[in-house]
Amino acid sequence: LILDYMAGIPLDKFAHHYNLLPFAKTIEIIETLARVIEYLHSQNIISMDMKDKNVMWDGKKATYFDFGVSQIIIPERINLVEPFITSLLTTPEYSAPEMALTFTAYKRTDIFQLGILFYRLLAGKNPFARYDLYDFQEGDDYRESEIIKFSLPAIFNDIDGTPEVFAKYPEILRLISEMLEKDFRKRPEPW
């Protein structure tokens with residue numbers, strides 16, 4: 001197996017409050033990833049893992065590079081009003097409510113994940129998790145801890161709108177709030 005070298009740094013390096021990218025760069029990255037999602041959806045593919053560790057940024061452009069859990073919608077479901085796939089695979093921190101509750105992913109599940117990434121790149125934290133309440137360590141119970149820390153709050157908690165960036169850019173908070181709607185049918189299209 002031979003793969004091309006991909007220059008850059010995974011975006012997770014820039015998803016912490018102490019090392020955020022400039023606002024304009026974050027907007028460019030999210031626009032690029034929205035186009036990626038739009039293309040995937042046009043091919044009837046649901047990503048299910050749009051997250052900071054799966055995006056490489058070389059200082060000029062963002063590249064989504066990990067399609068390990070992506071799935072093609074089976075032909076029998078393509079013509080449904082809301083085509084879907086069923087899967088247990090996703091990252092708990094980016095898990096949309098429908099995946100956490102029913103293991104079902106729709107095209108707009110990717111929008112939820114992009115919304116989490118957008119928020120993280122601007123605020124340096126997850127929009128739902130309350131870090132002061134959850135102090136879990138990696139280990140044998142890591143996945144369970146991540147589900148409690150991130151998946152359940154995504155179902156039950158409201159978005160934390162207190163980071164300073166949202167006072168400066170309230171329209172961005174409104175957009176992210178739409179992307180993070182609990183009901184996937186209310187989320188916007190990628191582009």
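To be clear, the structure that these remarks concern was listed above.
Keep in mind that this is a model prediction, so the values were computed, not measured.

**Re the nonpolar core**
- In terms of nonpolar packing, the biggest core is built from 38 residues, with Leu114 and Phe166 touching the most fellow members.
- Mapped onto this core, the elements with two or more residues apiece are helix H1 (23-42), strand E3 (55-57), strand E4 (62-64), helix H4 (107-123), helix H6 (164-168) and helix H7 (170-179).
- Tallying contributions element by element places H4 first for this core, with 10 residues.
- When near neighbours in sequence (up to four residues on either side) are disregarded, Leu114 contacts Ile30, Leu33, Ala34, Ile37, Met50 and Met179.

**Examining the pattern of salt bridges**
- Summed over all chains, the structure comprises seven salt bridges.
- Between Asp52 and Arg120 there is a salt bridge, with its nearest N and O atoms 3.0 Å apart. One end of the pair, Asp52, is in the loop between strand E2 (45-46) and E3; the other, Arg120, is in helix H4, and 68 residues separate them in sequence. Taken individually, Asp52 and Arg120 each receive the classification buried, so the pair is uniform in this respect.
- Notably, a salt bridge pairs Arg120 with Glu93, separated by 3.1 Å at the nearest N-O pair. Here the residue Arg120 occupies a position in helix H4, and Glu93 occupies one in the loop between strand E6 (84-86) and helix H3 (97-102), the gap between them amounting to 27 residues.
- Note on Arg120: relative accessible area 7%, which makes it buried.
- For Glu93, a relative accessible area of 13% gives the class buried.

**Side note on a nonpolar patch on the surface**
- On the surface, Ile147, Ile148, Leu152 and Phe156 cluster together to form a nonpolar patch covering roughly 370 Å² of accessible area.
- Looking at where Ile148 falls in the secondary structure, it is placed in helix H5 (residues 142-156).

**What to know about the environment of Leu114**
- Checked against the element boundaries, Leu114 lands in helix H4.
- Classification of Leu114 as buried rests on a relative accessible area of 2%.

**Digging into H4**
- Over its 17 residues, H4 runs 25 Å from end to end, which matches the ideal 24 Å to within 8%, given 1.5 Å per residue.
- The element H4 is extensively covered by neighbouring structure, given that 16 of its 17 residues are classed as buried.
- Directly beyond the C-terminal end of H4, a positive phi value near 80° is found at Gly124.

**Some remarks on the sheet that holds E3**
- The strand order across the open sheet built from three strands is E1-E3-E4, with neighbouring strands paired in antiparallel fashion. A strand with exactly one partner marks an edge of an open sheet, and here the two such strands are strand E1 (9-10) and E4.
- In the sheet, E1 pairs with E3 via two bridges, with the strands oriented antiparallel. Bridging from a neighbouring strand, Ile9 pairs with Trp57 of E3.
- Sheet strands in contact with H1 are E3 and E4, and its direction is about 30° off that of E4.

Calculation rules
- Residues numbered from 1 in each chain as written.
- Predicted model: local features only at pLDDT ≥ 70, side-chain atom pairs only at ≥ 80, totals over all residues.
- Heavy atoms only, no water.
- Core = buried A, V, L, I, M, F, W, Y, C linked by side-chain atoms within 4.5 Å.
- Buried < 20%, exposed > 50% of the residue type's maximum accessible area, 1.4 Å probe, protein only.
- Helix = DSSP H or I, 4+ residues; strand = E, 2+ residues; numbered from the N terminus.
- Contact = heavy atoms within 4.5 Å.
- Salt bridge = Lys/Arg side-chain N within 4 Å of Asp/Glu carboxyl O.
- Patch = residues over 30% accessible without salt bridge, like charges linked within 9 Å, V, L, I, M, F, W, Y side chains within 5 Å.
- Areas by Shrake-Rupley, 256 points an atom, 1.4 Å probe, with all protein chains shown as cover.
- Expected span 1.5 Å × (residues − 1).
- Pairing = 2+ DSSP bridges.
- Axes fitted to C-alpha atoms, helices over the stretch in contact; angles between N-to-C directions.

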